[in-house]
There are 2 protein chains.
Amino acid sequence: MASVPELIRRKRDGETLGADELRELIEHYTDGDLPDYQMSAFLMAVYFQSMDADELAVWTDAMLHSGEVLDLSSIAGSKIDKHSTGGVGDKVSIVLAPLAVAAGLKVPMISGRGLGHTGGTLDKLESIPGFDVDQSARRFRELVDEVGAALIGQTDDIAPADRELYSLRDVTGTVECIPLIASSIMSKKLAEGIDGLVLDVKVGSGAFMKSLEEARELGRTMIEIGRSMETDVRALVTDMDQPLGRTVGNALEISEAIDALRGDGPDDLVEVTVSLVTEMLDAAEGVDDREATRRRLRGWLEDGTALEAFREMVEAQDGDPAVCDAPDDVLAEADYIELFEADRAGIIRSMDAQEIGLASVELGAGRMEKTDDIDPAVGLAFRCKRGDLVEPGEPLLEIHYNDHSNLAACRRRLARSIEIGNDLDEAPPLIFERLSQP
Amino acid sequence: MASVPELIRRKRDGETLGADELRELIEHYTDGDLPDYQMSAFLMAVYFQSMDADELAVWTDAMLHSGEVLDLSSIAGSKIDKHSTGGVGDKVSIVLAPLAVAAGLKVPMISGRGLGHTGGTLDKLESIPGFDVDQSARRFRELVDEVGAALIGQTDDIAPADRELYSLRDVTGTVECIPLIASSIMSKKLAEGIDGLVLDVKVGSGAFMKSLEEARELGRTMIEIGRSMETDVRALVTDMDQPLGRTVGNALEISEAIDALRGDGPDDLVEVTVSLVTEMLDAAEGVDDREATRRRLRGWLEDGTALEAFREMVEAQDGDPAVCDAPDDVLAEADYIELFEADRAGIIRSMDAQEIGLASVELGAGRMEKTDDIDPAVGLAFRCKRGDLVEPGEPLLEIHYNDHSNLAACRRRLARSIEIGNDLDEAPPLIFERLSQP
């Protein structure tokens, strides 16, 4: 075994490290024998020199096995999860999990919280009174087995090496690195005991991947890691240039997700969700006729089947099931609503999702630091999307807020984020492409 | 002030950082407010993205001012130091300091110890019984003022930021980085209170810079830092492909240096020394006729003037001055001497200085770890140089050793290091080029 400085130098100089060497780095780091200052230098070297497929498979496997790896093999059915790389207004998981359960899948889903301009599924779920995302591994298994889906937060036992590495990357300028992002996501997801995984790789102003090329590379890197672990991983690259759906904010997004589960969701949200569940089914059992599958899934949104699955999930995790029938009575509402109006006539050329996400953070809907509190009631409800024609003074969106002092900063960001012009560039597709194992 | 992760990211992405930002990094690091794991990631980013001249001037200045900066301005005469980037058999400082004093210069010289294949001036001086390299800043001034030269070790007060950064670089794979090497050297040297500095940038198998191009870049980088600090810095790029002189080992090298101070030194050692002192004089007062100056310097080696200056330096630092008259009686001698012989007839094509340095370390003449002890008596005394014709069985060198158990490893390295062939490539020059401020 080479010394740690020697391994850092070899990675720095573009060499490929051996499996034992990479495993020892992760093991010694997790044991506390390898100090942060050596790991951060190594990570920065990886930022510049990357890791090849073999290195990344070992690196991910070592992180995965740094903690508990759930074994759900005794549970009947295909266990398929979905993971989004993060966006603004992304409430897909709330609609997708019950729809996938309605379609016969098991969905063991460990989700995250919002940070910066992006929201998090756990924060959204917690706006349902009583909903408990903190569940033991034992209860997680039970939920998957009995209810069909579990939506919980990261536990201390899952991939502890990733948790420590992520904290270190966060303060050492090594977050924005595709192999490190891919191995971080995959080590956590593969620890869930899944049979397959569908990735929603977001691309655009509100996504971490700003270009299609980067999004593709991230998707392909994760698919390749999945292949090395003999797990079916595929990806859809989807648009995050404007927020998904018509709401940004936790209770507002739950309400919108329930609309979708009642067959009344916005087109983009429903389309992305149905497409992702189709991929999940394809990973589980193969889908011959995609159009027929999509029609069946839309049917379960319209006939209440998916909503009933959601009701069971909410009840099983101690949430108030009345949210399914009368969300407005159950969910927190902001004290004030103000309109944000168009300042000119024209066509909405763009709605910068990152700025809109940050505008919602100004209200308290998200957090800039991990320890910040969030306010479930506040957020933005849009009455327009890119491509809509608007008149001067026409309300573009509602600002739901509780604290007047936040309003000016929110409005400034909104003014920057929505561009009204005379013509429209060609709209990007909602779903750019489908990536799967070769 | 941007956050530290933001500064790391900006350097990582190739941006130029502002003076205040770089100063704060050094200040907060020295204060202990900036953790090692952020600094090591920053240093790795610098490895890949470098620093421009303005950044490097500020970075060096901040390290320089992290501790005491000596003020020798009240001492009459020009204070000029020489610094070598390190080599094998490099006893130049021992000859150069008294020769420069003989020529009327003041030489405030803070030197280092050997590590790895390279030797260190302090270790060589300490093979003179009684010689004390640990002197206070006050005594350092007195020595420069009264004796003309002081040859001491690094003190805790000089450039503490560099000391901490160097320790961190040593364990994080960030040593081999020209801007970091240049700023480390210059921050220490400029803290000596010098008027000018002549660099001996070694190039070849036994040097840190393996190519002429790298050596040039290091020399130019240090000259540019000097310019920004209004200090005359110039450099000679000199050969370190074979050891300098005919000895490698501490007492052996002192003995050889005294030979040179008696006018009986090996040609390469004398040539490099005389050339460097000529540059020191040029930096101090300008040299019109270089050849006349060189003749005068050689005269002071031959007529005993330089040796008398050395005797005063040894006495002033509590060493036994008898070393100047009868080095063999004063210096430690190894218990055993064995010959290393040519295994074939031919011409000596190369003598790999790094392997020869490591062969001497096997005997105990150097150290692989900072805490290793060294044996002043052991080492290698060569009877040949590159280009010499040899017969089979002809002794190429003497191995001076105290411990039989080290001999086999030393001989293995020597066998690898000395190449005997049928023809000779064109010999590189001893002095490749002279670099100075534009």
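Residues numbered from 1 in each chain as written. Chains lettered and ligands numbered in written order. Predicted model: local features only at pLDDT ≥ 70, side-chain atom pairs only at ≥ 80, totals over all residues. Heavy atoms only, no water.

A.B. asks: Just to check I follow, could you spell out helix α3 (residues 36-49) of chain B for this structure?
C.D. replies: One full turn of an α-helix is made of 3.6 residues, so residues set three or four places apart face in the same direction. Residue and element names in this part refer to chain B. Taking 1.5 Å as the rise per residue, α3 with 14 residues should run 20 Å; its terminal C-alpha atoms sit 19 Å apart, in good agreement. Among the residues making up α3, those that are buried are Gln38, Met39, Ser40, Ala41, Phe42, Leu43, Met44, Ala45 and Val46. Note on α3: the residue one or two positions beyond its end, Ser50, has a positive phi of about 65°. (Helix = DSSP H or I, 4+ residues; strand = E, 2+ residues; numbered from the N terminus. Expected span 1.5 Å × (residues − 1). Buried < 20%, exposed > 50% of the residue type's maximum accessible area, 1.4 Å probe, protein only.)

A.B. asks: Hey, could you run me through the environment of B:Glu256 in this one?
C.D. replies: Residue and element names in this part refer to chain B. For Glu256, the location among the structural elements is in helix α11 (residues 250-261). Note: C-alpha distance between Glu256 and Asp329 (73 residues apart in sequence) is 14 Å. Here Glu256 is in contact with Lys91, Gly245, Arg246, Thr247, Pro266 and Leu269, once residues within four sequence places are set aside. (Contact = heavy atoms within 4.5 Å.)

A.B. asks: Explain the domain arrangement of chain A here, please?
C.D. replies: For an interface, size is often stated in terms of accessible area lost upon the parts coming together. Residues and elements named next belong to chain A. On domain assignment, one finds that chain A holds domain 1 (4-49), domain 2 (80-326) and domain 3 (332-421). Taking the mean C-alpha position of each, domain 2 and domain 3 sit 24 Å from one another. At the junction of the two partners, domain 2 supplies 28 residues and domain 3 supplies 29 residues. Interface of domain 2 and domain 3: buried area, both sides summed, is about 2100 Å²; carbon and sulfur atoms make up 52% of it. Connecting domain 2 to domain 3 are four salt bridges. (Domains from an automatic or database assignment. Buried area = accessible area lost by both parts, 1.4 Å probe. Salt bridge = Lys/Arg side-chain N within 4 Å of Asp/Glu carboxyl O.)

A.B. asks: What should I look at first to understand the sheet that holds strand β7 (residues 336-341) of chain A in this one?
C.D. replies: Within a sheet, adjacent strands bond to each other through the backbone by hydrogen bonds, running parallel or antiparallel. Residue and element names in this part refer to chain A. Taken in spatial order, the four strands line up as β6-β9-β11-β7 in an open sheet, and their pairing is antiparallel. With partners counted over all chains shown, the strands left at the sheet margins are β6 (247-248) and β7, one partner each. The pairing of β7 with strand β11 (residues 395-401) spans six bridges and is classified as antiparallel. From the neighbouring strand, Phe340 faces β11, where its bridge partner is Leu397. Docked against the sheet, helix α16 (residues 353-363) engages β6, β9 (379-382) and β11, running at close to 135° with respect to β9. (Pairing = 2+ DSSP bridges. Axes fitted to C-alpha atoms, helices over the stretch in contact; angles between N-to-C directions.)

A.B. asks: Even after reading the chapter, I still don't get a negative patch on the surface, so can you show me in this structure?
C.D. replies: Residues and elements named next belong to chain B. On the surface, a cluster of negative charge is contributed by Asp170, Glu369, Asp372 and Asp373. Mapped onto the elements, Asp372 comes out in the loop between α16 (353-363) and β9 (379-382). Since its relative accessible area comes to 32%, Asp372 is described here as partly exposed. (Patch = residues over 30% accessible without salt bridge, like charges linked within 9 Å, V, L, I, M, F, W, Y side chains within 5 Å. Areas by Shrake-Rupley, 256 points an atom, 1.4 Å probe, with all protein chains shown as cover. Lys, Arg positive; Asp, Glu negative; His and termini not counted. Charge placed at Lys NZ, Arg CZ, Asp CG, Glu CD.)

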